[in-house]
Amino acid sequence: ENCPAYTSALDLSGCENMREVYARGSGITAVTLPSGGMLEKMELPRGITNLTLRNQTNLTDAGLLLESVENISTVWIENVSGIDSIALVERCMDSDNSALERVRLVGIDSSSKNLNTLVGLMSLSGLDEKGNNIGRAVVTGKYHVVKAYADTLPSIREAFPDLEITYDVLAD
């Protein structure tokens, strides 16, 4: 076990040169990281409720290990190209008792078979650039789908005006 009685947030915001965080098995609920840095590996415990990753250019999906996503209520991923943020949000949304409430994904470049994840995100709240709660999720960048539906595409584009959505097939 790794400090299971420590049940607070862990503030590492001043550690810009940190490369690895091993918090699995601990009781921490959040890790505050610097906005940018050298992070390559991060292992987080089951109780994590807030996942904020900003400008961590060395972090990849392989380097981010989560014991569980069921308690994550807030996901803010900004300019972390090595993390498939859409897949991470899908994992949170698909967990049995999803706690996901707020999402901010900035600078994504992702693809999917359809727009279902974006439809799901339309019902969630978000965060502004300062971390304040806002009424809708924020997703910016590029998103390509194999198949989009003409009846849902306009509402998705309205909900996410800074997301460039492309598709192979537009169905009725």
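Higher on the page you've got the structure.
Residues numbered from 1 in each chain as written. Predicted model: local features only at pLDDT ≥ 70, side-chain atom pairs only at ≥ 80, totals over all residues. Heavy atoms only, no water.

Undergrad: Hey, could you run me through unusual backbone geometry in this one?
TA: Peptide bonds are mostly trans, and most non-glycine residues show a negative phi. A positive phi angle is found at Asn55, which is not glycine, with a value near 55°. Here Asn55 shows up in the loop between strand E5 (50-54) and strand E6 (64-66). Look at Asn79: it is not a glycine, yet its phi comes out positive at around 55°. Positionally, Asn79 belongs in the loop between strand E7 (74-78) and helix H1 (85-94). Given a relative accessible area of 37%, Asn79 falls into the partly exposed group. (Helix = DSSP H or I, 4+ residues; strand = E, 2+ residues; numbered from the N terminus. Buried < 20%, exposed > 50% of the residue type's maximum accessible area, 1.4 Å probe, protein only.)

Undergrad: How should I be thinking about the pairing of strand E11 (residues 138-149) in this particular structure?
TA: Each regular strand displays side chains that alternate between the two surfaces of the sheet. By the bridge criterion, seven bridges tie strand E8 (residues 102-112) to E11 in an arrangement that is parallel. Note on E11: the bridge partner recorded for Asp109 is Lys142. Where E11 and strand E12 (residues 163-171) come together, eight bridges link them in parallel fashion. Looking across to E12, one finds that Tyr143 is bridged to Ile165. (Pairing = 2+ DSSP bridges.)

Undergrad: Would you take a moment to explain the pattern of salt bridges for this structure?
TA: Between side chains of opposite charge, a pair can form when the charged atoms approach closely. Applying the stated rule across the entire model yields seven salt bridges. Ionic pairing is found between Glu67 and Arg24, a salt bridge with its closest N-O pair at 3.9 Å. A residue pair is termed long-range when its members are at least 10 positions apart, and Glu67 in the loop between E6 and E7 and Arg24 in the loop between strand E2 (20-22) and strand E3 (30-32) qualify at 43 residues. Between Lys41 and Glu43 there is a salt bridge, and its shortest N-O distance comes to 3.5 Å. Among the residues examined, Lys41 registers a relative accessible area of 27% and is labelled partly exposed. Its relative accessible area of 12% is what places Glu43 among the buried residues. (Salt bridge = Lys/Arg side-chain N within 4 Å of Asp/Glu carboxyl O.)

Undergrad: Which parts of the structure should I look at to understand the environment of Thr7?
TA: Residue position: Thr7 is located in the segment before strand E1 (9-11). Thr7 sits in the exposed class, given a relative accessible area of 54%. Each C-alpha atom of the pair Thr7 and Lys147 lies 44 Å from the other, and the pair is 140 residues apart in sequence. The contact partners of Thr7, leaving out residues within four places of it in the chain, are Gly27, Ile28 and Thr29. (Contact = heavy atoms within 4.5 Å.)

Undergrad: Just to check I follow, could you spell out the sheet that holds E6 for this structure?
TA: Strand pairs in the sheet, formed through backbone hydrogen bonds, run parallel or antiparallel to each other. What the three strands build is an open sheet, ordered E2-E4-E6; its pairing is parallel. Looking at the sheet topology across the chains shown, the edges are occupied by E2 and E6. Neighbour to neighbour, the strand axes of the sheet diverge by 10° on average, direction disregarded. Bridge count between E2 and strand E4 (residues 41-44): three bridges; the pairing is parallel. By the bridge assignment for E4, Glu20 is matched with Lys41. (Axes fitted to C-alpha atoms, helices over the stretch in contact; angles between N-to-C directions.)

Undergrad: What exactly am I supposed to notice about the pairing of E4 here?
TA: Examined bridge by bridge, E4 and E6 share three bridges and lie parallel to one another. In the strand pairing of E6, Glu43 is matched with Leu65.

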